Amino acid sequence: MPRLPEVNPVKRMGMASDFDTAMCPVRNVLDHISTKWTPLILLTLQAGPLRFSQLHKQVPDISKRMLTQSLRDLERDGLLSRKVFPTKPPSVEYELTALGASVMLPLGALVDWADKNFEKIKLSRQAFDQDNEAA
């Protein structure tokens, strides 16, 4: 099996206990990418630009408030762009930026991995829960 790269950002960056988590690129980016809604929003926008209401319909169970906050965070990170159309009422369209499109390959790999391994994970969870119920 090939050797995997070092994934501990503290160790990899040669930092000790004074490590500033806010400055860690891995932790900083993954804190946003790994939220509950971000992957679903990015995967939905991968097909092309959508207006807020279309996006809200396609992302199951998300509240309008959470969708708004998630979209703001993604726009702030440069992963999507927001275009306002001068209609009455104004309509807004969201689209992946080049940076947002670039995260789709690793995100897609994670989605594929989750899909392939979901049954194993589900069985492992069931076995774990049964073992802990007996204790």
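Residues numbered from 1 in each chain as written. Predicted model: local features only at pLDDT ≥ 70, side-chain atom pairs only at ≥ 80, totals over all residues. Heavy atoms only, no water.

Identification of the chain as HxlR family transcriptional regulator from Undibacterium pigrum is taken from an unreviewed UniProt entry.

(A) How the structure looks around the nonpolar core. Counting residues in each nonpolar core, the largest one holds 21 residues, and the members touching the most others are Ile41, Leu42, Leu45, Leu55, Leu67, Leu71 and Tyr94. When neighbours within four sequence positions are excluded, leucine 67 is seen to be in contact with Ile41, Phe52, Leu55, His56 and Ile62. (Core = buried A, V, L, I, M, F, W, Y, C linked by side-chain atoms within 4.5 Å. Buried < 20%, exposed > 50% of the residue type's maximum accessible area, 1.4 Å probe, protein only. Contact = heavy atoms within 4.5 Å.)

(B) Geometry of the packing of aromatic side chains. One pass over the structure, following the stated rule, counts zero aromatic pairs. Here the guanidinium or amino end of arginine 51 rests over the ring plane of phenylalanine 85, the centre of that ring lying 4.9 Å away. (Phe/Tyr/Trp six-rings, centres within 6.5 Å; stacked < 30°, edge-to-face > 60°. Lys NZ or Arg CZ within 6 Å of the ring centre and 35° of its normal.)

(C) A look at helix α3 (residues 38-45). Summarising burial for α3: six of the eight residues are buried, a large majority. Listing the buried residues of α3 in full gives Thr38, Pro39, Ile41, Leu42, Thr44 and Leu45. (Helix = DSSP H or I, 4+ residues; strand = E, 2+ residues; numbered from the N terminus.)

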